[in-house]
Amino acid sequence: MLLINQNELLAEGNHVIRTAIEKCIQCGTCSASCPLSQYMDYTPRQIVTLVREGLIHEALKTKTIWLCSTCYLCAVRCPAKINIGEFMTVLKRFTLKNGYSDNLLYPKLMRTYVEYVDKYGRISEPRLMIKFSLKINPFKLLKMLPLSMKLLRDGVLSFSLERVQNLHEVKA
Amino acid sequence: MDRKVGVYICHCGLNIASTVDVNKLTEFAQSLEGVVIARNYPYMCSDPGQELIRKDIKEYGLTNVVVAACSPTMHGSTFMKVCEEAGLNPYMFHMVNIREHVSWVTDNVEKATEKAKLLLAAAVNRVKLHEPLNRIHVPIIQSVLVVGGGITGIETSLKLANSGKKVYLVEREPSIGGRMAQLEKTFPTLDCASCILTPKMVDVASHPNITILAYSEIKEVSGYIGNYKVKIVKKPRYVDENKCIGCGLCATKCPSKVLDEFNMGLSYRKAIYIPFPQAVPRKYTIDREHCLYFTKGICRVCEKFCPTKAINFEQKPEEITLDVGAVILATGYDVFDPSVIKRYGYGRYKNVYTGLEVERLTSASGPTNGRIILRDGRTPSTIVIIHCVGSRDENYHTYCSRVCCMYAMKLAHLIKERVPNSTIYELYIDIRAHGKGYEEFYRRVQEEGVIFIRGKAAEVTESEDGKLIVTFEDTLLGRVQQIEADMVILATALEPRKDAKELARIFNIPLDKNGFFLEKHPKLAPFSTVNRGVFVAGACQGPKDIPDSVAQGAAAAAEALSLLSKGMVEAEPVIAEVNKSLCSGCRICISVCPYGAALFDKETKTAIVQEVLCQGCGTCVASCPSGARTLKQRGFMDNQILAEIEAILPKRTITMTTAIAEA
Amino acid sequence: MIGRNLSYYPGCSCSKYGTGRYYGSSSIAVLKALGVDIKEIEDWNCCGSNLYRVIDEKRAYLLGVRNIAKALEMNLPEILVLCPACFLSLNRTLTEVSTNKELKNELKEKYNVIGSPLFSKLRIRHIIDFLVNDIGEEAVKNRVEKKLEGLKIAAYYGCQITRPYGYFDDPEFPTSLERIISWIGGQPVESSLKTKCCGGMLMLTNEKEVLNVIEKILKSYAKVGAEFIVTACPLCHLNLEIAKTRLSEKAGLDKDIPIIYFTQLIGFSFNIPIEELGISKAVAERLDRKIALTVAARGEVNG
């Protein structure tokens, strides 16, 4: 088991992690506000507990962090003014840096996204979806076909992409 | 005159000694010019510590004393008294703060010791220039102003009045009684609130030493400890208090209905009213904003029916001036308005209540005669009480409001008593049952079947059939849960009165960071304020339950009594002084003095300082165009301050001329 | 009219080929009709969204800053943004650059405009904020040619417009869109879940869970009798569209309930050609029919 101490995590996102560790009163407002918490293996409050108690490797292996859609309802409600959404973002980043969760879908999506941005400076959502779907489950594309056709008809969907002209500026 | 200085260094246990090398500091002190004796001791403020100083003063014939210890606010007066007891003028003493200014702000022993040395040298330099000063004595007026007629103000007034002092009890509302009058029962003993409050209200009304000034507000205060002049505005009731017999015929005939604030808007009263049946004084009041005569120029029905002809639409605000020796503020609290936490739906969903609203529902004299009936007429069967609404929340109030856990449990008990089949949930973060009998009450309520769940409600929504859905995480299960409830009660926080700031300005006292009146010291002077003749008691100083409020009310009365019974007040001599032979009479000092202490003397055509009014702030001294020899600040003379600076900055020679030139 | 100048950051979604292209085109058309000239930031790039920040925080800020710098070079102190995700990340970038001295100094070397007086005045404005607080009721009302009478319109804000940088409205219970709806003659109906998250990008990775979340949202719209839903976020819009075909009936909504951008609806009331707004003929007909019905019903009552 990879042992990680709090200091390493603090180095990743000092302010928000420290605030969570120091100020959380374990009231559960975040968990009960989260639209996706019912699908999580740990509630957001419990993730704070894990981190606070130094069980960071356990926190990094949860589904919870990848189910956070950063809608920040928790953040605006938290009575200790902890930005839980941001807390989850830091955990996600830290997880990827430490080699956990590489086989999960969400990190794959993010990597595909970043590849696109790095290559073109912008993204095309339809292209991103296709590329991502091909990576994980090509059959899914078939399922999406009827809607895609409708959207194409409505002129909503387009596969063109305008790339950034001065790409070197983006890369630098 | 040859100065013989004694230096006393306090360890303050380990507070100072762990960071400042007290032995080195003592050695250093001993080497300073004029110092005849330097000592250190674990607790200089203790009896043996004080005795050390007293003995030395006599033995060595000390002319000056320097104590290096904590803040002078803490123990300055202690050591001044020690000097006085040993026959030394207390103003020949100076104190250095090597705790808050040195040991508490660093872990570096070497640097801390260095800084302590500099501060000590400065103090020794300065103290040698001290001159004896004599305190000013002024007689104290033997009456007290109590502001606020709630349980705290009532208790305070009775204690003072029973000790033979004259009390003026000022209350803003038409009746005294305050918040407690709105309560049904009190935790944890479940005494009927009215049964224990009403007799005290009657005692106040009938006490020969108490004058109640109800429906009145403080307008202005001037003067100083022992001699305050207070201007009070008595608002017009439009009813002659001397004629009104409280029969209530006017209210029965009055056609104008108004939401009843005493019942938290859950019922109606008339435009002419008494707030509640046991009101003291039992005198009716016309609510000008809702009276048909005042709003539309019609009606005057009350006037027609009043048997004693007490109605007087021409009544004007009346200004009353009182002379008092001390003031006790007992203005209580406001209830946090939960409608700002929109997700709890207060104001949007009719069955979401505040604690105080439910308190009125449970009251036998309340809008439902004590029956628990919702706004839609139903009796609730599932009730959720949400704790910490507006408290322990950095978006609203960070403090714990102290009484909410207990009153939430009391409400649960009362509802259970009235609706035995109901299911009641308490959603709490932590239960704070800290008082005598409180934990036992918590157990009792749990035994009565109230269900306690650890988790803060995240939101209240409405289901299709109009039930309230409360969503929360049961933090002990680690699971998000929902309860379908008929009634939601918000245990709202206590907060400072909306006009606390204004009152604090009038009485010249500070507020704490939450907006409550700031006590002088939380432990050593919890009823005093920095304004020496003004005391605070009850929830205006911070959230408090009834036992604590009553205790503090009595304690504040004792503080005021001990002041009054001295007969004379000692005023600090560390104040401004005019050298009349140099004063040109330009009057600038008079315009800048915030206390009205500087006056112009027509005879001599110079400024004079009224000693008892001067607070020694130094504003006038700084403003005097002809310099500090004309207008002097005793205890802070230029030579004294420059002597301190010279010791701290030894490498540069600062003379008065260079300092002034540079300034 | 107003004559205000703002720079405009379309972001990937609302640009020419993005899924929210009609959010973009209708916004431009509506602002033009209101006399506001917006200038697209030249050669803009990805905002450095939350997705990017998870992989590389620093680089996400660098991406964001390039857009900010380009806007400042146009000498315009306000950037208009439509996409809430872009609004969030540009605001976060601005906050970070303003407060993180190290980053600011590094960027000052790269872009002259960072640290300039204009930089300290820079504001990232969401189009809702701009319409409600700068343009205002009177100007919008004056421009309305077709009042949307009798239309029960429900706004879906989604999450990131007001959170955590929603300084122009309440983070949970905003009312800006309802105000706009009433200005153009519609009858706003409010769902209690109007700022609950649609699941965002998780639609691609956790479809089942996200559809459950959206079902709840759609139900809340059915409960208040919504006949039209307006959105203000390209991602919300796409997710609702995806969910609509499968869930509308289950949620008790008309399966063809039109979901359009609020700017499209404003444009419709301004009588801007539907092709420019990207409103389909079917939706336009439905809107017209509904208005005609209301007018007719009123005539009957009066007659």
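Residues numbered from 1 in each chain as written. Chains lettered and ligands numbered in written order. Predicted model: local features only at pLDDT ≥ 70, side-chain atom pairs only at ≥ 80, totals over all residues.

Trainee: Would you explain the overall build of chain A in this entry?
Mentor: Across its full length, chain A carries 12 helices and zero strands. Going from N to C terminus, chain A has its helices and strands arranged as α-α-α-α-α-α-α-α-α-α-α-α. Its C-alpha atoms give chain A principal-axis dimensions of about 50 × 40 × 35 Å. Residues classed as buried in chain A amount to 47% of the 172 residues present. Taking the intrachain contacts of chain A between residues at least 6 apart in sequence as the baseline, contacts between residues at least 24 apart amount to 59%. (Helix = DSSP H or I, 4+ residues; strand = E, 2+ residues; numbered from the N terminus. Buried ≥ 20, exposed ≤ 12 C-beta atoms within 10 Å, placed from the backbone. Contact = placed C-beta atoms within 7 Å.)

Trainee: How do you make sense of helix H2 (residues 21-33) of chain C when you look at a structure like this?
Mentor: Three or four residues apart is the spacing at which side chains of an α-helix point the same way, because the helix has 3.6 residues per turn. Residue and element names in this part refer to chain C. For H2, which comprises 13 residues, the first-to-last C-alpha distance of 18 Å matches the rise-based estimate of 18 Å (1.5 Å per residue) to within 8%. Of all 13 residues making up H2, 11 are buried, and the element is well covered by its neighbours. Considered for burial, the residues of H2 that qualify are Arg-21, Tyr-22, Tyr-23, Gly-24, Ser-25, Ser-26, Ser-27, Ile-28, Ala-29, Val-30 and Leu-31. The first or second residue beyond H2 is Gly-35, which carries a positive phi of 80°. (Expected span 1.5 Å × (residues − 1).)

Trainee: It is not clear to me how the sheet that holds strand S3 (residues 78-81) of chain C should be interpreted in this structure. Could you clarify?
Mentor: By way of backbone hydrogen bonds, the strands of a sheet pair with one another, either parallel or antiparallel. All names here are of chain C. A sheet is described by the order of its strands in space; here four strands give the open sequence S2-S1-S3-S4, paired in parallel fashion. The open sheet has two edge strands, strand S2 (37-40) and strand S4 (123-126), and neither has a second partner. The average angle at which neighbouring strand axes cross in this sheet is 40°, direction not considered. Sheet topology places strand S1 (residues 5-9) next to S2; four bridges connect them, and they run parallel. The residue of S2 that forms the bridge with Tyr-8 is Glu-40. Taken strand by strand, helix H5 (residues 84-99) contacts S1, S3 and S4, and its axis lies near 165° from that of S4. (Pairing = 2+ DSSP bridges. Axes fitted to C-alpha atoms, helices over the stretch in contact; angles between N-to-C directions.)

Trainee: Would you explain the interface of chain C and chain A in this entry?
Mentor: A common way to state how big an interface is: give the accessible area lost once the parts meet. Each partner contributes to the interface: chain C provides 40 residues, whereas chain A provides 45 residues. If you list the elements that add at least two residues to the side of chain C that touches chain A, you get helix H1 (11-14), helix H3 (50-55), helix H4 (57-73), helix H10 (202-205), helix H11 (207-223) and helix H12 (234-251) of chain C. Examining the composition of the side of chain C that touches chain A, we find that six residues originate from one element, H3(C), more than from any other. When its residues are assigned to classes, the side of chain C that touches chain A shows 17 nonpolar, 14 polar and nine charged. (Nonpolar A, V, L, I, M, F, W, Y, C, P; charged D, E, K, R; others polar.)

Trainee: It is not clear to me how H12(C) should be interpreted in this structure. Could you clarify?
Mentor: Residue and element names in this part refer to chain C. The terminal C-alpha atoms of H12 lie 22 Å apart, and with 18 residues this falls more than 12% below the ideal 26 Å at 1.5 Å per residue. At Lys-244, H12 shows its maximal kink, close to 65°. Within H12, the full set of buried residues consists of Pro-234, Leu-235, Cys-236, His-237, Leu-238, Asn-239, Leu-240, Ala-243, Lys-244, Leu-247, Ser-248 and Ala-251. Immediately downstream of H12, the backbone of Gly-252 shows phi near 85°, a positive value. (Bend = angle between axes of the 7 residues up to and from the residue.)

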